[in-house]
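Spelled out, the chains give:
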Amino acid sequence: MSKVEQLVVLGATGSIGLSTLDVVSRNPERFAVFALAAGKNAEQMAELCIAHQPKFAVMADQQAANALSNLLANSSCNTQVLAGVDAMCELAAHTDVDAVMSAIVGAAGLLPTLSAVEAGKKVLLANKESLVMSGQLFIDKVKQHGATLLPIDSEHNAIFQCMPASLQNASGLLADNGVSKILLTGSGGPFLKRDLATLPSVTVAEAVAHPNWSMGQKISVDSATMMNKGLEFIEAKWLFNCCASDIEVVIHPQSIIHSMVQYQDGSVLAQMGNPDMRTPIAHALAFPERVDAGVKPLDFSQMADFTFTKPDYARYPNLKLAIDACEMGQGATTTVNAANEIAVAAFLNGQIGFTDIYRINAETLNATQNINVQTLDEILACDQAARVKATEFVKRGIN
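Nothing here was measured: the structure is a model prediction, and the numbers come from that model. (Residues numbered from 1 in each chain as written. Predicted model: local features only at pLDDT ≥ 70, side-chain atom pairs only at ≥ 80, totals over all residues. Heavy atoms only, no water.)

## Details of the pairing of strand E8 (residues 179-186)
Note the cut-off: Think of it in three bands: residues with accessible area under 20% of the maximum for their type are buried, residues over 50% are exposed, and the middle band is partly exposed, with areas taken using a 1.4 Å probe on protein chains only. Secondary structure elements are taken from DSSP: a helix is a run of H or I of four residues or more, a strand is a run of E of two residues or more, and numbering for both begins at the N terminus. Here a strand pair is declared whenever DSSP counts at least two bridges between the two strands.
Within E8, seven of the eight residues are buried, which leaves the element mostly enclosed by the surrounding structure. In this structure, E8 lies alongside strand E10 (residues 257-263), joined through four bridges in antiparallel fashion. Directly across from Ile 182, in E10, lies its bridge partner Val 261. By the bridge criterion, five bridges tie E8 to strand E9 (residues 247-251) in an arrangement that is parallel. Counterpart to Ile 182 in the pairing with E9 is Ile 247.

## Some remarks on unusual backbone geometry
Cis rather than trans, the peptide bond between Phe 287 and Pro 288 has omega equal to 10°. Checked against the element boundaries, Pro 288 lands in the loop between helix H11 (278-286) and helix H12 (317-328). Of note in this structure, Met 226 is not a glycine but carries a positive phi near 65°.

## A few points about the side chain of Asp 246
Rules: Here Asp and Glu are counted as negative and Lys and Arg as positive; His is not counted, and neither are the chain ends. By salt bridge we mean one thing: a side-chain nitrogen of Lys or Arg within 4 Å of a carboxyl oxygen of Asp or Glu. Polar contacts, as counted here, are pairs of nitrogen or oxygen atoms within 3.5 Å of one another; within protein the pair requires one atom able to donate a hydrogen and one able to accept it, and residues that are adjacent in sequence qualify only if both atoms are side-chain atoms. Any two residues whose heavy atoms approach within 4.5 Å at even a single point are treated as in contact.
If you trace the backbone, Asp 246 turns up in the loop between helix H10 (227-239) and E9. No salt bridge is formed by the buried Asp 246; its nearest oppositely charged neighbour, Lys 181, is found at 6.1 Å. Looking at Asp 246, its side chain comes within polar contact range of the main-chain nitrogen of Cys 243, at 2.9 Å. Non-local contacts of Asp 246, meaning those with residues more than four positions away in its chain, are made with Leu 174, Lys 181 and Ile 182.

## Thoughts on the pattern of salt bridges
As enumerated under the stated definition, the model contains 19 salt bridges in all. Note that Glu 206 is salt-bridged to Arg 194, the shortest N-O span being 3.3 Å. With Glu 206 in helix H8 (residues 204-207) and Arg 194 in the loop between E8 and H8, the pair connects residues that are 12 residues apart, well separated along the chain. The class for Arg 194 is partly exposed, based on a relative accessible area of 22%. Asp 356 is paired through a salt bridge with Arg 359; the nearest N and O atoms lie 3.4 Å apart. One end of the pair is Asp 356 and the other is Arg 359, both in helix H14 (residues 356-367) and three residues apart, which spans about a single turn.

## So, the state of the cysteines
What counts, and what does not: When two cysteine sulfur atoms lie within 2.5 Å, the pair is treated as a disulfide.
In this structure the tally under the stated criterion is zero disulfides. As a non-bridged cysteine, Cys 49 has Cys 77 as the owner of its nearest cysteine sulfur, 5.0 Å distant. Residue Cys 49 is classed as buried on the basis of its relative accessible area, which comes to 0%. The exposure class assigned to Cys 77 is buried, which follows from its relative accessible area of 7%.

## Re the packing of aromatic side chains
Operational definition: Put simply, two rings from Phe, Tyr or Trp (the six-membered ring, in Trp's case) pair if the centres are within 6.5 Å, and we call them stacked under 30 degrees between planes, edge-to-face over 60, tilted for the rest.
On inspection of all chains with the given rule, the structure shows five aromatic pairs. Between Phe 34 and Phe 56, the aromatic rings sit 5.6 Å apart at their centres with planes inclined by 50°, giving tilted as the arrangement. You can see Phe 34 sitting in strand E2 (residues 31-37) and its partner Phe 56 sitting in strand E3 (residues 56-59), a full 22 residues away along the chain. We classify Phe 34 as buried; its relative accessible area is 1%. On the accessibility criterion, Phe 56 (17% relative accessible area) is buried. Taken together, a centroid distance of 5.3 Å and an interplanar angle of 75° make the contact between Phe 160 and Phe 287 edge-to-face. Placement of the pair is Phe 160 in helix H7 (residues 154-162) and Phe 287 in the loop between H11 and H12, with a sequence separation of 127 residues.

## Considering the sheet that holds strand E6 (residues 122-125)
Under the convention used in this document: Axis angles are defined between N-to-C directions and span 0 to 180 degrees, where every axis is a line fitted to C-alpha atoms and, for a helix, only to the segment in contact.
Taken in spatial order, the seven strands line up as E4-E3-E2-E1-E5-E6-E7 in an open sheet, and their pairing is parallel. Unpaired on one side and paired on the other, strand E4 (80-83) and strand E7 (148-151) mark the two borders of the sheet. Averaged over all pairs of adjacent strands, the angle between their axes in this sheet comes to 25°, without regard to strand direction. In this sheet, E4 lies alongside E3 in parallel orientation, the contact comprising four bridges. Counted as the bridge partner of Ala 57 is Val 81 from E4.

## Some remarks on the UniProt feature "binding site: NADPH" (unreviewed entry) in the protein chain
To be explicit about the condition: UniProt positions are given in the numbering used here, feature names are shortened, and annotations may be inferred rather than shown by experiment.
As recorded in UniProt, the feature "binding site: NADPH" (unreviewed entry) lies at Thr 13, Gly 14, Ser 15, Ile 16, Gly 39, Lys 40, Asn 41, Asn 127, Glu 129 and Gly 216. For Gly 14, the location among the structural elements is in the loop between strand E1 (5-10) and helix H1 (15-26). Examined against the element boundaries, Lys 40 turns out to sit in the loop between E2 and helix H2 (42-52). By relative accessible area, Lys 40 is classed as exposed at 61%.

Here you go:
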């Protein structure tokens, strides 16, 4: 019998983290939780610690860590509570750890994920911002340190499953392995057919109500603007060692096909399944084997519609902006990602309107063009500068 894999879950209280822990609990003979890391939700983290008994739990700051310690004080849980990014980085690289689920939303997940990579771990990448911010640097480190990188986003996991084995580690070229195009599918979000003239009046509740997927607020808004698909476009470029011209976005409202790979002989391989993140999580956790994910198989007799269309950039300008940034280079993608985090947070806080998200992203990119970033320090400085600029544009819009 193979040894039980020790797992660190970065972003444990989020939707991906919770789905990961669900898969782990279904396969206790295969996986155990070594450490959990989260932001500031001490109450939920306490419940997870009691349920999964990790050796360590890390909160984003000391105040949240103190709250967690107090909640666990009178429990049967012996979890050691830590605080801060440095602690997350140390645990992600711990010698007893086999795999790290990177599911902290946004740029905050970059450093702990890089720490896992540099320690040669199996990294399950749900944090797309890591590649959007640091693409070449990140991929170079994966190769340099012998880490295993497995994509968790349903689309990238689907592409990975449809790729020949020779392309699953970002080492070959698509054309040399018989692949002609990557077809990246997206549902189009909740506003696929909404009157364009009404988009400025979209409410937060409307924007986070995704028709198919259950996700956190930030990624739900990104899905509504299709910036999420734009970030996935950038991520796919790095994951599969290809150019922007090798990737095509296809609107598929039913979210049954999660993405496709088109081959030179005319074949198209598609990965299909119910829209449940436990499928890609289980696939990556057990790769190259398969385990129970708790997901019902598709019932083809119940499928009424199966439709595809091209994205309308007038409806989804953020998608076009991200694709343009991908072609411009690393500084542009880092800038757009940072601006988008600021803009979406401002929208969720009621400071700006829905269509202002694109305006702020575009203005920030225009104000900070031609930034050449290569080192981690340059990437982080670019990220911070874009946040400052985007915040200025938010305030200017309010005033």
